[in-house]
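# Remarks on the overall topology
If you want the building blocks of each chain, they are given just below.
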Amino acid sequence: MTTTLQPPAAPAASAPDGPPARTPRRVGFGSKLSAWDLKLSPYLYISPFFILFLVTGLFPILYTGVISFMDWDQIRGSGTFVGFDQYAYVLSQPAFWDALRNTFSIFVLSTVPQLLFAVFIAAMLDQNIRAKTLWRMGVLVPYVMAPVAVALIFSNMFGDQYGIVNTLLGRIGLPGVGWHSDTFASHIAIATMVNFRWTGYNTLILLAAMQAVPREYYEAATVDGAGKVRQFFSITLPSLKPTLIFVIITSTIGGLQIFDEPRMFDQGGTGGSNNQWLTISLYLYKLGWGEWNFGRAAALAWILFLIILVIGALNLFISRSLVRDEGTRDGLTRAQRRAAARATKQRVAAESTGKGARS
Amino acid sequence: MKSRALRRVALAAAVASTSALVLAGCSGGGGAAAGSSDEEVTLTVATFNDFGYTDELLNAYTAEHPNVKIVHNRAAKSNDARANYFQKLGKSGLADIEAIEVDWLPEVMKYSDLLAPVPDDLKSRWLDWKVKAATDPSGNLVGYGTDIGPEAICYRSDLFEAAGLPSEPADVAAALQGDWSKYFEMGDKYVAATGKPFFDSASSVYQGMINQVEAAYENPDSGEITATTNPEVKKIYTETLDASKTQSAHFEQWSTDWYAGMANGAFATLSCPGWMLTQIEGNAPEVSGWKIADVFPNGGGNWGGSYLTVPANGPHVAEAQALADWLTSPEQQVKFFQQAGTFPSQVDALKSTDLLDAKNAYFNDAPIGEIFTNRANAVTVTPFKGQYYFQVNDAMSKALLRVDQNTQDAQTSWDQWVSQVEAIG
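Residues numbered from 1 in each chain as written. Chains lettered and ligands numbered in written order. Predicted model: local features only at pLDDT ≥ 70, side-chain atom pairs only at ≥ 80, totals over all residues. Heavy atoms only, no water.

Looking at an unreviewed UniProt entry, one finds chain B named ABC-type sugar transport system, periplasmic component and attributed to Microbacterium testaceum.

You'll find chain A entered in an unreviewed UniProt entry as ABC-type sugar transport systems, permease components, with Microbacterium testaceum given as the organism. Of the comments in the UniProt record for chain A, the one headed Sequence similarities (unreviewed entry) reads "Belongs to the binding-protein-dependent transport system permease family." Its UniProt record, at the heading Subcellular location (unreviewed entry), says of chain A: "Cell membrane". (UniProt positions renumbered as here; feature names shortened; annotations may be inferred.)

Below, the structure written as C-alpha cells:
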C-alpha cells in the first residue's frame, strides 16, 4: 500500500499565494459562543463517559490502592498504615498460589474448547440452512440465562453422589467422579458452565465476521476446485484472525475474573475443602467478605489488576504480530518488507524536499 | 440555526431537571425525623433460614399497631445474611431489625456501639448465658435473643429396625446414654448389619463434640488463639475421623447431596438442634421413619441460635425496638417454635404449657416441647467463642471434609489446618 501512496495534491483553492485580504467582520458574542461551541462541544459530549468512569472506575481503583497499604476496618471506615505488609501476606499464602493455578486452569479449560466450538458452530450457521435466524438466536439463549441460575443447575448435575452426571456414568459402568473433591474434575465442571454460557455469544461474533468475508473468494475457490474444508482453512480462518483476537482478549479478561460459577459450585462458596476451585476473585471475596480484612482484599485486587495488565500486554503483543501476518500475502519476509518500507520513505522524503525547493 | 436553537432548549431542560433532582433530594432527606407512635412506619425485618415469622403471625402485631407495616426479608442462608450485615453495618441499608447468628456474634460484638441497646427491663427475659454472650464490656445488651439450639439425636427408625437396633425413641435414648463412645459403638453395629453409613458427615459429629468444650479455640481472658495447641481439639478431631472412616456418609453439610441424603436413607442419624427439624421435614417430606430420641451423647449440647439486633442509625429505632421486643417475647417465641422448631431462649417460654405440650406430626408425634426442654436443661457448658471463632471453625470443617472426601490423610489435613490458623489474625 505504501508504495502507491502519493503526497496529497495541495488543494488550489485553500492555498492561495499571498495572505488574503481579510473582510472586516463584526465579532459579536454570538459568534464567539459558536466558536467555543465548535471547540468545546465534542468534549462535552464525550464527558459523561469520562465523568462516570472517574466516579465509578478510577476513584475506587485509587481508593483500593490506598486501602491496600492499610490495616483497614471497613465497618468504621478507618485504618492504620502498614506499608507493603498486606501484599506480603497475600503473596505468602498457599491459597493465593492455588487460586492463581485454578484461575489459569479454568481459563484454559473454558477458553480453548469454547472457541473451537464457537468457530465450528459459526461455520455451520454460515451455511445455507433453513430457519437461519431461529438457529442463530438459539445459540444465544444460554447467554441470556442468569449466571447464578446456570451455576445452580449445573452444580446439581455435578453432585458427587446424586448428580445426574455421575448417575449416567454409573449406568454405563464407570465409577463416579468426585466433582467436589478432585481438583481437575472441579475445574472441568466449572469450565462446562462457562462454556455453556459463552459459546453462543462468541459464535455470533464469529458468525458476523464470517459473513463479512466476500463471497467471491468462495466462488473463485469453488471454481478452482477447493472443497468445503479447504475453503474453511484457506479463506474463512485467515479472514477471522482479527475477530478471533478480539474474542480471545474478551475471554481472557472474563476468564481471569471468573467468580459466579465457582462461587455457586457449592453451598459455602469458599472454593472447596482444599481450595480445589478457589479462583482469584473468589479468594478476594473470601478475604474481604469472609474475614472482613479489606486491606488484604485490596492488596489482592491490585495484584489481580497487575496480572490482568501483564496478560493484556502479552495479548497485545501476540495479536499485533498476528494482525501484521494477516497482511502478508505478498510472500516477503519481515526484513524484506522493512527494507521496502525504508526505500519508500526515502523516496517520499526526496520528492517532498524537491517539491519544497521548487516552491 | 435550527440545531443551535435545539441545543439551547436542551440546555435549559438539563438545568431544569438537575435543579428538580436537587430539590427532590433535599425534600427526601428531610423526612427522616423519628416519628411519634401514630405515624405510619414501615419496618423491615431481615432473617435467614426459617425463623417461623409467617405472615399470619406477623399480622398479629400489625393488628395491634395499625400504623406499622412489616416487611420481612428472608435470606436463604446465614452466610448471605452475614455478608450483607457487615457490608452495611455503620453505614446505611440494613433492615430496621437484623437477625444474627451466634457463630458470628463475636464479630458483631466488636461493633456493639453501632447497635441500639436492649432496654434494661427486658434483660431478665432470657437465659443468663444467652444475655451474657451479647453483652458488651460497657454492660450494654445489644441482641434480643430468639432461639437456642439444644441438640437431640434424630434417627431413621425404619433403618434402625432393619439393622436390628432398638427403634423406639425411649429405647434409642437409653442405648445412647453416656459419652460419644456409645454413639460410635451403635454406629459400628449399624454398619456391620447394613453396610451403610451411620451419620452424615465428620463435621456434624465434630460440631456436636466441640460445642461441649468450654474454651476450644481461644483463650477467654486474652483472646489469644489456642486452637492448634489445645489437646481437646486434637482428641476430638482424631476420634471423629476414626469413626468417620466406616460410619460417615462423607457428605459436605448443606450440600445438595447432603439434603438428598436425608430423603434417600444415606445415613441413619443426624445431630438435631430444634431448627434442624424443619430442614429434615422440608427435604425428606415423603419419609415417615424420622424420629427424635431425647438424648445427646455426653450430656447436652447447643448448636446455633440467633439474636435480633437493631442498628442504631436506622430511621425508626424506637419502633424497631418495640417490634423486636414483641418478636422475642415468650408468648410469640412459643408460636415461632411451633411453626419452625426454633427453641425459645426465654425463661418464661420454657415454662409455658404450650411449649411443653408441643408435638411434631412429621416426627411421629414426637413431644418436641418436652424433648428440647430436657435437652436445654442438659446443657451445662457454654462454649466461649471469640472474634476468630468463625474463621477457625470454618477452616476446621474444611480440614475434616478433606479427610472425609479422601483428599488427604488425617495428619496432612491437620497440619494444613494448623498453618491456616496460624495465618489468621
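### Comments concerning the interface of chain A and chain B
Contact residues are listed per partner, giving 34 residues for chain A and 39 residues for chain B. Between chain A and chain B the total buried area reaches about 2,900 Å² when both faces are included, carbon and sulfur atoms providing 41% of it. On the chain A side of the contact with chain B, Ile75(A), Tyr162(A) and Gln267(A) bury the most area, a combined 25% of that side's loss. Across the salt bridge formed by Asp113(B) and Arg76(A), the nearest N and O atoms sit 3.0 Å from each other. Our count for the chain A to chain B interface comes out at 14 residue pairs in polar contact (both at pLDDT 80 or more). For the side of chain A that touches chain B, the secondary-structure elements that each account for two or more residues are helix H1 (29-67) and helix H11 (280-290) of chain A. Classifying every residue of the side of chain A that touches chain B by side-chain character gives eight nonpolar, 17 polar and nine charged. (Contact = heavy atoms within 4.5 Å. Buried area = accessible area lost by both parts, 1.4 Å probe. Salt bridge = Lys/Arg side-chain N within 4 Å of Asp/Glu carboxyl O. Polar contact = N/O pair within 3.5 Å; in protein donor to acceptor, adjacent residues only side chain to side chain. Helix = DSSP H or I, 4+ residues; strand = E, 2+ residues; numbered from the N terminus. Nonpolar A, V, L, I, M, F, W, Y, C, P; charged D, E, K, R; others polar.)

### Some remarks on the nonpolar core
All names here are of chain B. Tyr-85, Ile-97, Trp-104, Leu-323 and Leu-327 are the most contacted members of the largest nonpolar core, which totals 52 residues. Among the elements that take part in this core, helix H13 (residues 317-327) stands out by supplying five residues, more than any other. Each residue touching Tyr-85, except ones within four places of it in the same chain, is listed here: Leu-94, Glu-98, Ile-100, Trp-104, Val-108, Leu-115 and Thr-309. (Core = buried A, V, L, I, M, F, W, Y, C linked by side-chain atoms within 4.5 Å. Buried < 20%, exposed > 50% of the residue type's maximum accessible area, 1.4 Å probe, protein only.)

### Topic: the pairing of strand S2 (residues 68-75) of chain B
Residue and element names in this part refer to chain B. The pairing of strand S1 (residues 41-48) with S2 spans eight bridges and is parallel. In the strand pairing of S2, Leu-43 is matched with Ile-70. Handedness of the crossover joining S1 and S2 through helix H2 (residues 55-64) is recorded here as right-handed. (Pairing = 2+ DSSP bridges. Right-handed = clockwise from strand over helix to strand, strands pointing away.)

### Points about the packing of aromatic side chains
Within this structure, the stated rule accounts for 58 aromatic pairs over all chains. Centre to centre, the rings of Phe84(A) and Tyr87(A) are 5.6 Å apart; their planes meet at 50 degrees, and the pair counts as tilted. Judged by its relative accessible area of 14%, Tyr87(A) is buried. Between Phe48(B) and Phe51(B), the aromatic rings sit 5.3 Å apart at their centres with planes inclined by 90 degrees, giving edge-to-face as the arrangement. Classification of Phe51(B) as buried rests on a relative accessible area of 7%. Each member of the aromatic cluster is reached from another via a ring pair, and the members are Phe259(A), Tyr285(A), Trp289(A), Trp292(A), Phe294(A), Phe48(B), Phe51(B), Tyr53(B), Tyr85(B), Phe86(B), Trp104(B) and Phe336(B). The positively charged end of Arg296(A) is found above the aromatic ring belonging to Tyr89(A), 3.5 Å away from the centroid. Directly above the aromatic system of Phe390(B) lies the positively charged group of Arg82(B), at a separation of 3.9 Å from the ring centroid. (Phe/Tyr/Trp six-rings, centres within 6.5 Å; stacked < 30°, edge-to-face > 60°. Lys NZ or Arg CZ within 6 Å of the ring centre and 35° of its normal.)

### So, the domain arrangement of chain B
Residues and elements named next belong to chain B. When its domains are assigned, chain B resolves into domain 1 (41-148 + 304-357) and domain 2 (149-303 + 370-424). The C-alpha-based centres of domain 1 and domain 2 are spaced at 27 Å. Of the residues lining the interface, 21 residues belong to domain 1; the matching set on domain 2 comes to 17 residues. Summing both sides of the interface, domain 1 and domain 2 together bury roughly 1,700 Å²; the carbon and sulfur share of this comes to 59%. Counting the contacts that link domain 1 with domain 2 gives one salt bridge. In this structure, Asp-103 engages Lys-385 in a salt bridge whose closest nitrogen and oxygen atoms are separated by 3.2 Å. Along the contact surface separating domain 1 from domain 2 lie three residue pairs in polar contact (both at pLDDT 80 or more). For the side of domain 1 that touches domain 2, the secondary structure elements donating two or more residues are helix H3 (78-88), helix H4 (105-109), strand S4 (144-156), strand S7 (302-309), helix H14 (330-340) and helix H16 (353-356). Considering only residue class, the side of domain 1 that touches domain 2 consists of 10 nonpolar, five polar and six charged. (Domains from an automatic or database assignment.)

### Remarks on the confidence of the model for chain A
Predicted coordinates in regions of low pLDDT should not be interpreted in detail. This prediction gives chain A a mean pLDDT of 84; 86% of its residues lie at or above 70. Across residues 7-16 of chain A the pLDDT falls below 50, and counting only partners more than four positions away or on other chains, this stretch makes one contact in the model. (pLDDT = per-residue confidence, 0-100.)

### A short note on the pairing of strand S2 (residues 78-81) of chain A
Where strand S1 (residues 70-73) of chain A lies against S2(A), four bridges are found, and the strand directions are antiparallel. Within the sheet, the bridge partner assigned to Met70(A) lies in S2(A) and is Phe81(A).

### A word on empty space enclosed by the protein
All names here are of chain B. Scanning the model with the defined rule gives two cavities of 30 Å³ or more in all. In this structure, the largest cavity occupies an estimated 50 Å³ of space. For the largest cavity, the full set of lining residues is Ile-210, Asn-211, Val-213, Ala-216, Tyr-217, Pro-383, Phe-384, Lys-385 and Tyr-389. Looking at the lining of the largest cavity residue by residue, the class counts come to seven nonpolar, one polar and one charged. At the level of secondary structure, the elements contributing two or more residues to the lining of the second largest cavity comprise S4 and H14. Across the lining of the second largest cavity, the residue classes tally to three nonpolar, three polar and one charged. (1 Å grid on protein atoms, 1.4 Å probe; cavity = no way out; pocket = protein on both sides within 12 Å on 5 of 7 lines; lining within 4 Å. Points joined across faces, edges and corners; volume = space filled by probe spheres on them.)

### Considering the confidence of the model for chain B
With 91% of its residues at a pLDDT of at least 70, chain B reaches an overall mean of 87. Here the predicted complex scores 0.78 on pTM and 0.78 on ipTM.

### Side note on the state of the cysteines
All names here are of chain B. Enumeration according to the criterion identifies one disulfide over all chains in this entry. Covalent S-S linkage joins Cys-154 and Cys-272, the inter-sulfur distance amounting to 1.8 Å. Disulfide Cys-154 to Cys-272: torsion about the S-S bond roughly -95 degrees, handedness left-handed. Of this pair, Cys-154 sits in strand S4 while Cys-272 sits in strand S5 (residues 269-273); the two residues are 118 residues apart in sequence, bridging distant segments of the chain. Of the residues examined, Cys-154 reaches a relative accessible area of 0% and is grouped as buried. (Disulfide = S-S within 2.5 Å.)

### Notes on the environment of Ala227(B)
All names here are of chain B. Looking at where Ala-227 falls in the secondary structure, it is placed in the loop between helix H9 (202-210) and helix H10 (231-247). Ala-227 sits in the buried class, given a relative accessible area of 0%. Between the C-alpha atoms of Ala-227 and Ala-361, which are 134 residues apart in sequence, the distance is 41 Å. With residues near it in sequence (within four places) discarded, Ala-227 still touches Ala-216, Tyr-217, Val-233, Val-392 and Trp-417.

### Overview of the environment of Asn360(B)
All names here are of chain B. For Asn-360, the position within the fold is in the loop between H16 and helix H17 (368-377). Taking the C-alpha atoms as reference points, Asn-360 and Tyr-389, 29 residues apart in sequence, are found 33 Å from one another. From its side chain, Asn-360 meets the backbone nitrogen of Tyr-362 in a polar contact 2.9 Å long.

### A look at the packing of H9(B) against H10(B)
Residues and elements named next belong to chain B. At a minimum axis distance of 10 Å, the contact between H9 and H10 shows a crossing angle of 145 degrees. The way H9 lies across H10 gives a crossing that is right-handed. Across from Ala-202, Val-205, Tyr-206, Met-209 and Ile-210 in H9, the residues of H10 making contact are Val-233, Ile-236, Tyr-237, Glu-239, Thr-240, Leu-241 and Ser-244. Residue composition of the contact of H9 with H10, grouped by class: nine nonpolar, two polar and one charged. (Axes fitted to C-alpha atoms, helices over the stretch in contact; angles between N-to-C directions. Left-handed = near helix turned anticlockwise from the far one by under 90°.)

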